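Understanding the architecture of this molecule
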Amino acid sequence: MTIRLYDQDSALLHFTATVTGCEEKKGQYIVTLDQTAFFPEGGGQGADHGLLGGVNVIDCHEHGGEVEHTTDSPLEVGAVVEGHVDAVRRLDMMQQHSGEHIFSGLVCQLFGYDNVGFHIGSEAVTMDFNGPLTEEDVRRVEQLANEIVWQNVPVNTLLPNKEELEAMHYRSKKALEGTVRIVNIPGADTCACCGTHVKQTGSIGQIKVMGWQKYKGGVRVSILCGRRALAEENILLEQVKGGSVALSCKQHELSGAVERLMAERDQLRLKNEQLAMQIFEMMAAQEEANAVRMVICDALPASAVRKAAGRLCVGARMALVLVPREEGYSFAMSSETEDVRPATKALCSAFGGKGGGPKDMTQGVLMGGTPEEIRMKLNEAAGEE
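The paragraphs below set out a description of the structure included in this document.

Secondary structure assignment for the protein chain yields nine helices and 20 strands. In terms of C-alpha radius of gyration, the protein chain reaches 33 Å, well past the compact-globule figure of 21 Å for 385 residues. By its C-alpha atoms, the protein chain is 95 × 50 × 45 Å across when sized along the principal axes. Counting all 385 residues of the protein chain, 42% fall into the buried class. The contacts of the protein chain with a sequence gap of at least 6 include a subset with a gap of at least 24, amounting to 59%. Element-wise, carbon and sulfur atoms account for 51% of the exposed surface of the protein chain, whose accessible area totals about 20,400 Å². The averaged location of the 53 negative side-chain charges in the protein chain is 6 Å from the averaged location of its 37 positive side-chain charges.

Structure below.
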C-alpha cells in the first residue's frame, strides 16, 4: 500500500521515495513507490503531473491500493528517487476542488440538493445538482461562496473514528466503510473527500459561475476558480474592449449597442429580401409563357428560396428556383398540381446533388450543371419537349 503524503500535507510538492515496481506498458512505464505526494486521478479531480527521478510523470492512477505513476522513461526498482509535483497544476486542482466544495455545500444548505456529478475538466468545473436552480439562485450561491473565500476560513481535513463519524452530518455520494476522510469548510461544507484542497479559502482567489443549464431533471452549473477564473475574465475583457472599440461605445454600453446593431441588421435583411423579391419577380415574368419554369437569381437570400419557388409555380406545371453557390446551386422546386419528387431525384442524379421534401415542394443542392443543361434536364424530367 502506497503511503499517500498528499493526505498528510496538500502543500507538499517535493519528496523522496523508493521505487517498488516498474513495468513497461504501451511505450510508457507504470511506476510504484513506497510513498508519494502525487495525487492519482479520482473523485472528479485530475492527477498530478511532474518529475520523478528526473523522468516525466504524465498521469497517475490508483490500482489495488497502490498509486501507479505513468512515466515516459523507466526507473530502477529499489532506487531512491526524488519527486517534484507540478506546483501550478496542483494549485489549480486545489483551487477548483475547494471552490466546488464551497459551492456544492451551500447549494445543499440552501436548497437541500445533492451534487450527483462533479468533474474538474480542462476548461471548467461542472457540478450536477438533482434539483432546479434559477438564475437568481445561482447568483446568490456565487455571492455567498465568494464571501466564504474572502473570510479566509481554514479548510480542515478530519479522520473521525466510527463513533465521531456516526454523529457527524456530512455529504457523501455513497455509503462508506472503514476510515473516512472528511473535508470541513466552516460555514460552507462538510463532505467525505479524498482530494487535495487549499489550507485556507483565501487561496481559492475567487469563484465565478460561467454558466448553468437544465440537466437530467436538475441543473448543471459550471464554475471557474482562482487562476482559471482570472484568465477567462481577462479573455472576456479583451473581447468586450474590442467590441466597444468596433461599435464606438463605452464598455458598459456594449450590450445595448449590439442590440441596436442587430435591429439594424434585421431591418436591412428585410429590405434586402424585399429588393431581391422584386428582382426575382422581374425575372419570373419572363417565364410566364412556360409550363415548366426556371429562374436563376443570385440576389435571393437562402431564406427566400422556398417563397420564390411557391410564387413561380402559380399557373405552371412545375417551377425551379436556383441560387448560385460557391460550387453549384441551392434550389427549391414546387408545383401546385404535380409531384415534384421524381424531377428532383432526376436533377440530383444528373448533377451530383441532394434534396428532398413533400411532393409539392422540395429543396436541396445541385453541385454542377450549366443553366442550359439544368433546364434541359428539368424539361426532360417533366415530360416537356
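We are not done yet, so read on.
With phi around 55 degrees, asparagine 152 is a residue other than glycine that occupies positive phi space. As for its placement among the helices and strands, asparagine 152 is situated in the loop between α3 (135–151) and β11 (156–158). One non-glycine residue with positive phi stands out, namely lysine 216, at about 50 degrees. With respect to the secondary-structure elements, lysine 216 resides in the loop between β14 (207–215) and β15 (218–225). Since its relative accessible area comes to 75%, lysine 216 is described here as exposed.

So, about the layout of surface pockets. Roughly 910 Å³ of volume is contained in the largest pocket. As for the largest pocket, its lining consists of 32 residues, and the residues nearest its centre are Gly43, Leu176, Ala192, Cys193 and Cys194. Going through the elements one at a time, α1 (5–8), α2 (87–111), β9 (115–120) and β13 (189–192) are the ones with two or more residues in the lining of the largest pocket. In this structure, the second largest pocket spans a volume of roughly 150 Å³.

Viewed as axis vectors pointing N to C, helix α6 (residues 254–285) and helix α7 (residues 305–312) meet at an angle of 30 degrees, and their least axial separation amounts to 11 Å. When the axes of α6 and α7 are compared, the pair comes out roughly parallel. Considering how the two elements wind past one another, α6 and α7 form a crossing that is right-handed. Along the contact surface, α6 presents Glu273, Met277, Phe280, Glu281 and Ala284, while α7 presents Lys307, Ala308, Arg311 and Leu312.

Considering all chains together, one arrives at four aromatic pairs under this definition. Measuring from centroid to centroid gives 5.9 Å for phenylalanine 15 and phenylalanine 38, while their planes differ by 75 degrees, and the two rings are edge-to-face. Taken together, the residues span a long stretch of sequence, with phenylalanine 15 in strand β2 (residues 14–25) and phenylalanine 38 in the loop between β4 (35–36) and β5 (50–52) at a distance of 23 residues. Ring geometry for phenylalanine 103 and phenylalanine 129: centres 6.3 Å apart, planes at 35 degrees, overall tilted. Here phenylalanine 103 is found in helix α2, whereas its partner phenylalanine 129 is found in strand β10 (residues 125–129), with 26 residues between them in sequence. According to the relative accessible area criterion, phenylalanine 103 is buried, its value standing at 0%.

Moving on to the environment of phenylalanine 129. Judged by relative accessible area, which is 2%, phenylalanine 129 ranks as buried. C-alpha separation for the pair phenylalanine 129 and valine 219, spaced 90 residues apart in sequence, amounts to 5.4 Å.

The subject of this paragraph is the pattern of salt bridges. Evaluation of the coordinates by the stated rule reveals 16 salt bridges. Glutamate 238 is the partner of lysine 241 in a salt bridge, and the nearest nitrogen-oxygen pair spans 3.3 Å. Placement of both lysine 241 and glutamate 238 in helix α5 (residues 226–246) is noted, with a separation of three residues, approximately one turn of the helix. A salt bridge links glutamate 338 to arginine 317, with the nearest nitrogen and oxygen atoms 2.5 Å apart. Note that glutamate 338 is positioned in the loop between β18 (329–334) and α8 (341–351) and arginine 317 in the loop between α7 and β17 (318–324), a separation of 21 residues in sequence.

Right, let's talk about the nonpolar core for a bit. Ranked by internal contacts, the top residues of the largest apolar core, which has 32 residues, are Ile102, Phe103, Phe129, Ile207, Val221 and Ile223. Of all the secondary-structure elements, those providing two or more residues to this core are α2, β9, β10, α3, β12 (182–185), β14 and β15. Residue contributions to this core peak at six residues, all from α2. Not counting residues up to four positions away in its chain, the partners in contact with isoleucine 102 are Ala145, Ile148, Val149, Ile185, Ala188, Thr201, Ile204 and Ile207. Within the second largest apolar cluster, 20 residues are counted, among which are Ala17, Val31, Phe39 and Val81.

This brings us to the sheet that holds β17. As a general point, the strands of a sheet are linked pairwise by backbone hydrogen bonds and lie either parallel or antiparallel. As summarised here, the arrangement of the five strands in space is β16-β17-β18-β20-β19, forming an open sheet in which the pairing is mixed. In this open sheet, the two strands that pair with only one neighbour each are β16 (292–296) and β19 (354–356). Direction aside, neighbouring strands of the sheet carry axes that sit 15 degrees apart on average. Across the sheet, helix α9 (residues 371–382) is in contact with β16, β17, β18 and β20 (361–366); its angle to β16 comes to roughly 155 degrees.

Bringing the side chain of threonine 32 into the picture now. Relative to the helices and strands, threonine 32 resides in strand β3 (residues 28–33). Residue threonine 32 is classed as buried on the basis of its relative accessible area of 12%. For threonine 32, the residues in contact, after removing those within four places along its chain, are Thr18, Val19, Thr20, Gly21, Glu66, Val67, Glu68 and His69.

Turning our attention to α6. End to end, α6 covers 46 Å across 32 residues, agreeing with the expected 46 Å (1.5 Å per residue, within 8%). If you check which residues of α6 are buried, you get Leu254, Ala257, Ala276, Met277, Phe280 and Ala284. Packed against the buried residues of α6 are α5, β16, α7 and β17.

What counts and what doesn't
- Residues numbered from 1 in each chain as written.
- Predicted model: local features only at pLDDT ≥ 70, side-chain atom pairs only at ≥ 80, totals over all residues.
- Heavy atoms only, no water.
- Helix = DSSP H or I, 4+ residues; strand = E, 2+ residues; numbered from the N terminus.
- Rg over C-alpha atoms; globule rule 2.2 N^0.38 Å.
- Buried < 20%, exposed > 50% of the residue type's maximum accessible area, 1.4 Å probe, protein only.
- Contact = heavy atoms within 4.5 Å.
- Areas by Shrake-Rupley, 256 points an atom, 1.4 Å probe, with all protein chains shown as cover.
- Lys, Arg positive; Asp, Glu negative; His and termini not counted.
- Charge placed at Lys NZ, Arg CZ, Asp CG, Glu CD.
- 1 Å grid on protein atoms, 1.4 Å probe; cavity = no way out; pocket = protein on both sides within 12 Å on 5 of 7 lines; lining within 4 Å.
- Points joined across faces, edges and corners; volume = space filled by probe spheres on them.
- Axes fitted to C-alpha atoms, helices over the stretch in contact; angles between N-to-C directions.
- Parallel < 35°, antiparallel > 145°, perpendicular 65-115°, else oblique.
- Left-handed = near helix turned anticlockwise from the far one by under 90°.
- Phe/Tyr/Trp six-rings, centres within 6.5 Å; stacked < 30°, edge-to-face > 60°.
- Salt bridge = Lys/Arg side-chain N within 4 Å of Asp/Glu carboxyl O.
- Core = buried A, V, L, I, M, F, W, Y, C linked by side-chain atoms within 4.5 Å.
- Pairing = 2+ DSSP bridges.
- Expected span 1.5 Å × (residues − 1).

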